Amino acid sequence: MIKIISSRVGVPGEEFTPPEYTNLQALLDYGFVVDTAAKKSAKTTTDEPKD
Amino acid sequence: MATSTYLSNPALTINAVNLTDQCTSATITSVAQAQNSSAFGSLDSFFVTGMTMNTFECELFMSYAASETYATLAALVGTQTTITISPTAAGLATPTATAPKFTLANTYLESLPLINATLGELSSITLSFQGGTLTTATS
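Residues numbered from 1 in each chain as written. Chains lettered and ligands numbered in written order. Predicted model: local features only at pLDDT ≥ 70, side-chain atom pairs only at ≥ 80, totals over all residues. Heavy atoms only, no water.

Peer 1: Explanation requested: the overall build of chain B in the structure shown.
Peer 2: Counting secondary structure elements, chain B contains 2 helices and 8 strands. Mapped in sequence order, the helices and strands of chain B form the string β-β-β-β-α-β-α-β-β-β. A compact globule built from 139 residues should have a C-alpha radius of gyration of about 14 Å, whereas chain B, at 18 Å, is more than 25% larger. Expressed along its principal axes, the backbone C-alpha trace of chain B runs to roughly 65 × 35 × 30 Å. (Helix = DSSP H or I, 4+ residues; strand = E, 2+ residues; numbered from the N terminus. Rg over C-alpha atoms; globule rule 2.2 N^0.38 Å.)

In structure tokens:
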């Protein structure tokens, strides 16, 4: 999901639905919006026994 | 005396970014390029419409702060983007017959002045977008 960061593109925190022909990468690169899916870090688990 | 006038105060977005508070002039133009269809037998010139050439020109104060002019435009050079503009801020959100919203989609930005500085003056830049498809919304 793309979330709004800058008030110049909408209400911060709300989902951003890019209008047709919007250069979304430019908005991501310069921090106007953020891709929340890309921000999540992978959770790692281990089965190794503790010493 | 004109019975109805309009004090320039439009609102606009460039690539979905509202830069109204940085803009000091804006012109959107649609030109139906004239093709000369005159032929032998006539002493007058006649024209028919050729391709449509839409352009958008604006002047913006330059700012290198986050979410401002440079951040909006830097990645757009050499690409196509979308411009929206309305005579009023309200028309940008909710267009009406008396406050239409013009959308220029797939318009091309050829160049961006990276620095335009003069001693003692606020830095501003002039942009020229070329081509694209123009639509007008009134509702």
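Resuming the write-up.
Peer 1: It is not clear to me how the interface of chain B and chain A should be interpreted in this structure. Could you clarify?
Peer 2: Taken together, the contact between chain B and chain A spans 21 residues of the former and 13 residues of the latter. Looking only at chain B, the three residues that lose the most surface to chain A are N15, A16 and S67 of chain B, adding up to 35% of its buried area. Our count for the contact surface shared by chain B and chain A stands at 2 salt bridges. Where R8 of chain A meets E68 of chain B, a salt bridge forms, and the shortest distance between an N and an O atom there is 2.6 Å. Across the contact surface, chain B and chain A share 8 residue pairs in polar contact (both at pLDDT 80 or more). Mapped by element, the contributors of at least two residues to the side of chain B that touches chain A are strand 2 (17–18), helix 1 (69–73), strand 5 (80–86) and strand 6 (101–109) of chain B. Considered class by class, the residues forming the side of chain B that touches chain A number 9 nonpolar, 10 polar and 2 charged. (Contact = heavy atoms within 4.5 Å. Buried area = accessible area lost by both parts, 1.4 Å probe. Salt bridge = Lys/Arg side-chain N within 4 Å of Asp/Glu carboxyl O. Polar contact = N/O pair within 3.5 Å; in protein donor to acceptor, adjacent residues only side chain to side chain. Nonpolar A, V, L, I, M, F, W, Y, C, P; charged D, E, K, R; others polar.)

Peer 1: Help me understand the nonpolar core in this model?
Peer 2: A general feature of soluble globular proteins is that nonpolar side chains tend to end up buried together. Core analysis: the largest hydrophobic core is formed by 29 residues, its most contacted members being I14, L60 and L127 of chain B. For this core, the secondary-structure elements that each account for two or more residues are strand 1 (2–4) and helix 1 (24–29) of chain A together with strand 1 (11–14), strand 4 (47–61), helix 1, strand 5, strand 6 and strand 7 (124–130) of chain B. The residues contacting L127 of chain B, other than those within four sequence positions of it, are I14, F56, E57, C58, L60, L73, L109, S111, L112 and P113 of chain B. (Core = buried A, V, L, I, M, F, W, Y, C linked by side-chain atoms within 4.5 Å. Buried < 20%, exposed > 50% of the residue type's maximum accessible area, 1.4 Å probe, protein only.)

Peer 1: Is there a simple way to think about the pattern of salt bridges in this case?
Peer 2: Pairing between side chains becomes possible if they bear opposite charge and their charged atoms approach one another. In the structure shown here, the tally under the stated rule is 2 salt bridges over all chains. Residues R8 of chain A and D21 of chain B are paired through a salt bridge, measuring 2.7 Å at the closest nitrogen-oxygen approach. Highlighted residues: R8 of chain A in the loop between strand 1 and helix 1 and D21 of chain B in the loop between strand 2 and strand 3 (23–36), drawn from two different chains. By relative accessible area, which is 12% here, R8 of chain A ends up buried.

Peer 1: In this structure, what is going on with unusual backbone geometry? I would like to understand it.
Peer 2: What you tend to see is this: most non-glycine residues have negative phi, and most peptide bonds are trans. Residues and elements named next belong to chain B. With a phi close to 75 degrees, A16 is a non-glycine residue in the positive phi region. Position of A16 relative to the elements: it lies in the loop between strand 1 and strand 2. For A16, a relative accessible area of 14% translates into the label buried. Even without being a glycine, S67 presents a positive backbone phi close to 60 degrees. Here S67 shows up in the loop between strand 4 and helix 1. Given the relative accessible area of 14%, S67 is considered buried.

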